[in-house]
Amino acid sequence: MKMGIYVWASSCNVMFKAESYRNSRNWSYMNNLCRPQDMVTRVSCRMEHEPLHPPISQKMHWQPGLSFRHFNYTTIMENIRCSGASLTRISRSPVLPVIQGSAVSVVKPSPPAFVGAPMENSKASSFIKGLAFLGVMRTAGAPFERVKLLMQNQNEMIISGRLPKRYNGIFDCFATTIRNEGILSLWRGNIAFVTASFSSEVIARAIHHYVNGREDIEWTHTRLQVAIFLSAVVNQFLVYPLNYAGTRMANDVITSSNSRERQFNGIFDVYRKTLKSDGIAGVYRGFNVMIPKIAVLRAVTAVSKPWQKFLLHHFQGIVLGRAVVNTLYASCRSMAIYPLDTVIRRMMMTSGAVKYRHSLHAITCIFYNEGLKSFYSGAKAQILALAVYQVYGLCLRYVVGVLRRKNTGDK
């Protein structure tokens with residue numbers, strides 16, 4: 001009842017204002033303003049109990065040269081329902097044209113709530129938690145990573161005199177390394193690899209924010225794929241020196257043939273000796289193979305990703321099955337680029353007795369001297385490392401679930 005009286009009084013108020021404009025040149029515009037079907041949306045929103053209805057109490061100020069803005073229909077209806085009133089019809093009228101020198105109604109909406117800071121804080125905390133998870137995961141799989149690198153580069157170490165004989169397998173590599181260097185030596189070079197992983201994630205996030213901020217570019221599918229490829233190349237270019245240092249430190253073994261002395265005493269010692277002997281080119285040796293490696297990885301991901309989603313859909317709710325599918329998916333991607341990774345690691349080790357003129361020469365020498373099988377040397381350790389990553393992820397997910405249920409009081 002109050003709403004009906006309010007609409008009638010407001011319509012009379014608008015009709016009274018229209019009479020004063022009938023003799024002016026804009027009288028036809030005011031006739032359009034006072035159409036019955038648009039009356040409800042154009043009347044003033046002043047109510048009897050104004051403080052109780054803040055969204056509806058937005059006042060319409062008559063100011064010259066300004067255009068009309070619509071009400072937020074959803075917000076108005078929700079507040080009307082909360083107040084116990086009802087409207088039989090609320091029509092939406094088109095935006096009126098701006099006429100110079102005329103009085104036009106303007107709705108001043110209430111300022112939106114500031115919700116940016118909590119969202120940004122949650123994103124920042126999630127990113128930091130992701131980095132912590134990545135660091136612990138890489139540390140858990142570091143022994144398998146070092147064994148893989150030792151198996152990949154054992155021929156170069158034999159030629160240079162750093163290793164007396166070949167390993168008979170990954171288990172013999174584990175046993176020999178622990179016997180000669182101790183169990184903690186399995187994590188040698190892990191600091192460089194973890195730092196490279198952290199840097200890669202930070203750079204990828206920065207590039208992602210930059211690409212999203214370029215609203216002036218129309219991101220088609222082709223442009224998006226090219227941008228992703230170039231960002232991956234830039235990312236690897238920036239973290240390549242860290243991967244180089246980690247590889248050289250992981251392949252620095254102690255045996256009786258090298259008088260049980262280390263070749264490098266740390267990451268900075270690797271850079272100092274490499275720059276002294278080969279210059280900056282020695283730190284980036286083998287990077288040209290990284291470009292086709294990224295291209296092959298993108299192609300394999302595009303082909304195998306639908307199959308992964310298909311299998312994960314069939315194993316929905318089965319945690320172990322989903323872990324096996326993810327391990328198979330990661331193993332297929334890793335084995336597709338493993339020969340290129342072997343060439344990159346061999347190029348990184350080309351200092352001293354072993355010298356490759358370029359990457360094609362390295363591929364030719366490895367193929368003719370060692371055979372095709374040598375390109376996949378250490379692949380079993382790589383698969384074991386991927387399996388360890390999945391097991392660690394399952395354990396972490398279980399621990400997080402238990403802690404969450406404990407905090408919420410659920411059983």
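Residues numbered from 1 in each chain as written. Predicted model: local features only at pLDDT ≥ 70, side-chain atom pairs only at ≥ 80, totals over all residues. Heavy atoms only, no water.

Trainee: Can you break down the UniProt feature "transmembrane region" (unreviewed entry) in the protein chain residue by residue, with the values?
Mentor: The feature "transmembrane region" (unreviewed entry), as annotated in UniProt, sits at residues 383-403 in this numbering. Within the segment residues 383-403, helix and strand shares are 100% and 0% respectively, and the terminal C-alpha atoms sit 31 Å apart. (UniProt positions renumbered as here; feature names shortened; annotations may be inferred. Helix = DSSP H or I, 4+ residues; strand = E, 2+ residues; numbered from the N terminus.)

Trainee: How would you explain a nonpolar patch on the surface if you had to name every residue and give the values?
Mentor: Taken together, the side chains of Trp307, Phe310, Leu311, Phe315, Ile318, Leu320, Val324 and Leu328 present a nonpolar region at the surface, about 810 Å² in accessible area. Looking at the nonpolar patch, the elements that each hand over two or more residues are helix 13 (287-314) and helix 14 (319-348). (Patch = residues over 30% accessible without salt bridge, like charges linked within 9 Å, V, L, I, M, F, W, Y side chains within 5 Å. Areas by Shrake-Rupley, 256 points an atom, 1.4 Å probe, with all protein chains shown as cover. Salt bridge = Lys/Arg side-chain N within 4 Å of Asp/Glu carboxyl O.)

Trainee: Got a sec to walk through the pattern of salt bridges? Specific residues and values, please.
Mentor: Summed over the entire model, instances satisfying the criterion amount to 12 salt bridges. Put simply, Glu145, Lys148, Lys293, Asp341 and Arg345 are held in one network by salt bridges that share partners.

Trainee: Let's hear about the layout of surface pockets: which residues, and what values?
Mentor: There is about 1,900 Å³ of room inside the largest pocket. Ser200, Glu201, Gln236, Leu297 and Arg333 are, among the 49 residues lining the largest pocket, the residues nearest its centre. When residues of the lining of the largest pocket are assigned to their parent elements, the largest contribution, 11 residues, is made by helix 14. When the residues that make up the lining of the largest pocket are grouped by side-chain class, the tally is 25 nonpolar, 14 polar and 10 charged. If you add up the space inside the second largest pocket, you get close to 420 Å³. Lining the second largest pocket we find 19 residues, and of these Met151, Lys373, Tyr376, Ser377 and Gly378 sit closest to its centre. Of all the secondary-structure elements, those providing two or more residues to the lining of the second largest pocket are helix 6 (142-152), helix 7 (154-160) and helix 16 (379-408). For the lining of the second largest pocket, the element with the most residues is helix 16, which contributes three residues. Here the residues of the lining of the second largest pocket are counted per class, giving six nonpolar, eight polar and five charged. (1 Å grid on protein atoms, 1.4 Å probe; cavity = no way out; pocket = protein on both sides within 12 Å on 5 of 7 lines; lining within 4 Å. Points joined across faces, edges and corners; volume = space filled by probe spheres on them. Nonpolar A, V, L, I, M, F, W, Y, C, P; charged D, E, K, R; others polar.)

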